[in-house]
Amino acid sequence: MRSRAVMTGLALAVLVASPSALAESRPDAVETCLGCHGIKGYKNVYPTYHVPKLGGQHAQYITDALRAYASGDRPHGTMHANAATLSEDEIQAIAAWFEEQGR
Amino acid sequence: MSRSRTVFMSAFAAAALLAAGAAGAGNPELGRAKSAPCAACHGQDGLGTAPNFPVLAGQYADYLVHALKQYRSGERENALMAPWVSDLSDADIADLAAYYSSLKGLQVPKR
C-alpha cells in the first residue's frame, strides 16, 4: 500500500515536471529553423511573402510538411535542402518544439 | 485646417485605400463569411479541428495567400485542399487570408 502511494507520487511528479522540461530543452535541429522562422517579419523572396509562423502549430502538420518538403512533393528549394537532411527523430523533435511555443 | 487641405487629405486617404485594395489586401469581414466551408477542418477559430489540419489563426496573410494560390494552381498537390480552392477568385483568397490572419493563434517563437 505504501509503495503504491510512492509510485503514484512519482508518476505525478513526472507528469508535473515533463511539460516544463520539454519547453526548456530546445532541440539542436531547431536552431537552423529559427534562422528564418524565429525572426518576426522575415520574408521569403521570389516570390515575396512572410516566412510562416510555426509557434503553436500542430506537430502532426509540421511533420507532414517536413516529409513533403524532403520528398519534393511540396516544392520549396530551401525547405527541401533543409528537410532532406533531417532524421525522423529530428523531424519529431522539431515538430514537438514548435507546437509547444505560443501555447 | 483649411478646407482645401481637408479635401486634399481625404483624397490622399482614399487613394491610399485604393492602392491597398489593388495590392490585394483582403477584407476580414468578407473572409469570415466565406470561411464557412473551411471551418469544417480548420475551425471557425482557425485552430484546426485535428492534428493534421494546420492552425491558420494568426498566420501571416501573405503566406496564406501564397499557400492558397499554390493549392489552386496545383503546384502544391493536396487531394483534400484541391476541391475547395479551385473556384476561389484572387479576391476570395485575399479575404480568407485577411480573416484567418486577424484571429489570435500562431506566434513567432522567441530565439
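Along each chain, residue indices are assigned from 1 in the same order as the chain's sequence is written. Here the convention is simple: chains get letters from A, ligands get numbers from 1, in the order in which they are written. Confidence filtering applies because this is a predicted model: local features only for residues at pLDDT of at least 70, side-chain atom pairs given and counted only at 80 or more, and all residues used for totals across whole chains, interfaces and linings.

Engineer: Where do I start with the overall build of chain B in this structure?
Structural biologist: Here a strand is any run of E in DSSP of at least two residues, a helix any run of H or I of at least four, and the numbering for each starts at the N terminus. When helices and strands are tallied, chain B shows six helices and zero strands. In chain B, the succession of helices and strands from N to C terminus is α-α-α-α-α-α. Going through the 111 residues of chain B one by one, you find that 34% of them count as buried. A pair of residues counts as a contact when their C-beta atoms, built from backbone coordinates, are separated by no more than 7 Å. Counting only contacts in chain B whose residues sit at least 6 apart along the sequence, the fraction spanning at least 24 positions is 71%. Whether a residue is buried, exposed or partly exposed follows from its count of other C-beta atoms within 10 Å of its own C-beta, namely 20 or more, 12 or fewer, or something in between, respectively; the C-beta atoms are built from the backbone.

Engineer: What is the right way to look at helix α4 (residues 61–73) of chain B in this model?
Structural biologist: Owing to its 3.6 residues per turn, the α-helix aligns residues three or four sequence positions apart on the same side. All names here are of chain B. Helices are assigned an expected span. That span is 1.5 Å times one less than the residue count. Taking 1.5 Å per residue, 13 residues should reach 18 Å; α4 reaches 18 Å between its end C-alpha atoms and fits that length. Regarding α4, the residues found buried are Ala 61, Asp 62, Leu 64, Val 65, His 66, Ala 67, Leu 68, Tyr 71 and Arg 72. Two residues or fewer after α4 comes Gly 74, characterised by a positive phi angle close to 90°.

Engineer: What is the right way to read the interface of chain A and chain B from this model?
Structural biologist: Many authors give the size of an interface as the accessible area that is lost as the parts come together. Each partner contributes residues to the interface: chain A has 23 residues there, and chain B has 20 residues. Elements that contribute at least two residues to the side of chain A that touches chain B include exactly β2 (49–50) and α3 (59–71) of chain A. It is α3(A) that provides the largest number of residues to the side of chain A that touches chain B, a total of four residues. Of the residues assigned to the side of chain A that touches chain B, the class counts are nine nonpolar, nine polar and five charged. All residues other than Ala, Val, Leu, Ile, Met, Phe, Trp, Tyr, Cys, Pro, Asp, Glu, Lys and Arg, Gly among them, are scored as polar; the first ten of these are nonpolar and the last four charged.

Engineer: How do you make sense of the confidence of the model for chain B when you look at a structure like this?
Structural biologist: For any part of a model where pLDDT is low, the fine detail of the predicted coordinates should not be relied upon. A residue's pLDDT is simply how confident the predictor is in it, with values from 0 to 100. Per-residue pLDDT for chain B averages 87, and the proportion of residues at 70 or more is 78%. Low pLDDT, under 50, characterises residues 16–22 of chain B; the stretch is placed with one contact to residues that sit more than four places away or in other chains.

Engineer: Help me understand the packing of α3(A) against helix α5 (residues 88–100) of chain A in this model?
Structural biologist: When two helices pack together, their arrangement is captured by the angle between the axes and the distance separating the axes. Residues and elements named next belong to chain A. Axes here mean lines fitted to C-alpha atoms, for a helix over just the part in contact, with angles spanning 0 to 180 degrees between N-to-C directions. Where α3 meets α5, the axes come as close as 8 Å, and the angle between the chain directions of the two elements is 140°. Here α5 runs oblique to α3, going by the angle between their axes. Between α3 and α5 the crossing geometry is right-handed. Between α3, through Ala 59, Ile 62, Thr 63 and Leu 66, and α5, the contact on the second element is made entirely by Ile 91, Gln 92, Ile 94, Ala 95, Ala 96, Phe 98 and Glu 99. Partitioning the contact of α3 with α5 into residue classes produces eight nonpolar, two polar and one charged. By definition in this entry, angles of less than 35 degrees are roughly parallel, angles greater than 145 are roughly antiparallel, angles of 65 to 115 are roughly perpendicular, and the rest are oblique. Note on convention: the crossing is left-handed when the near helix lies turned anticlockwise from the far helix by less than a right angle, right-handed when the turn is clockwise.

Engineer: What exactly am I supposed to notice about the environment of Ala96(A) here?
Structural biologist: Within the element layout of this structure, Ala96(A) appears in helix α5. Taking the C-alpha atoms as reference points, Ala96(A) and Lys43(A), separated by 53 residues in sequence, lie 24 Å from one another.

Engineer: What am I meant to see in the environment of Ser35(B) here?
Structural biologist: All names here are of chain B. Positionally, Ser 35 belongs in the loop between α2 (28–34) and α3 (36–42). Residue classification places Ser 35 among the partly exposed residues on the basis of 19 C-beta atoms within 10 Å. As for Ser 35 and Ser 101, which are separated by 66 residues in sequence, their C-alpha atoms are 12 Å apart. In this view, Ser 35 contacts Leu 96 and Tyr 99; residues no more than four positions away in its chain are not counted.

Engineer: Where do I start with helix α6 (residues 90–102) of chain B in this structure?
Structural biologist: For α6(B), which comprises 13 residues, the first-to-last C-alpha distance of 18 Å matches the rise-based estimate of 18 Å (1.5 Å per residue) to within 8%. Within the span of α6(B), buried status applies to Ile93(B), Ala94(B), Asp95(B), Leu96(B), Ala97(B), Ala98(B), Tyr99(B), Tyr100(B) and Ser101(B).

Engineer: What exactly am I supposed to notice about the nonpolar core here?
Structural biologist: For soluble globular proteins, the rule of thumb is that nonpolar side chains tend to be buried together. Among the nonpolar cores identified, the biggest contains 20 residues, and Leu64(B), Val65(B), Leu68(B), Leu96(B), Ala97(B) and Tyr100(B) are the most heavily contacted of them. Mapped onto this core, the elements with two or more residues apiece are α4 and α6 of chain B. No other element matches α6(B), which puts seven residues into this core. Residues in contact with Tyr100(B), not counting those within four places in the same chain, are Gly46(B), Leu56(B), Ala57(B), Gln59(B) and Leu64(B). A set of buried residues drawn from Ala, Val, Leu, Ile, Met, Phe, Trp, Tyr and Cys, joined through C-beta atoms within 7 Å, is what defines a nonpolar core. Counting residues in hydrophobic clusters, the runner-up holds 15 residues, among them Tyr61(A), Ile62(A), Leu66(A) and Ala83(A).

Engineer: Can you walk me through the confidence of the model for chain A in this structure?
Structural biologist: Taken residue by residue, chain A gives an average pLDDT of 86. The fraction at 70 or more is 76%. Contacts of residues 12–17 of chain A to residues separated by more than four positions or lying in other chains number zero contacts, the stretch itself having pLDDT below 50.

Engineer: Explain the packing of α4(B) against α6(B) here, please?
Structural biologist: Residue and element names in this part refer to chain B. Across the interface, α4 lies against α6 with an axial gap of 8 Å and an inter-helix angle of 135°. Regarding the angle of α4 to α6, the classification is oblique. For the element pair α4 and α6, the recorded crossing hand is right-handed. Where α4 approaches α6, its residues Ala 61, Leu 64, Val 65, Leu 68 and Lys 69 are matched on the opposing element by Ile 93, Ala 94, Leu 96, Ala 97, Ala 98, Tyr 100 and Ser 101. Grouping the constituent residues of the contact of α4 with α6 by class yields 10 nonpolar, one polar and one charged.

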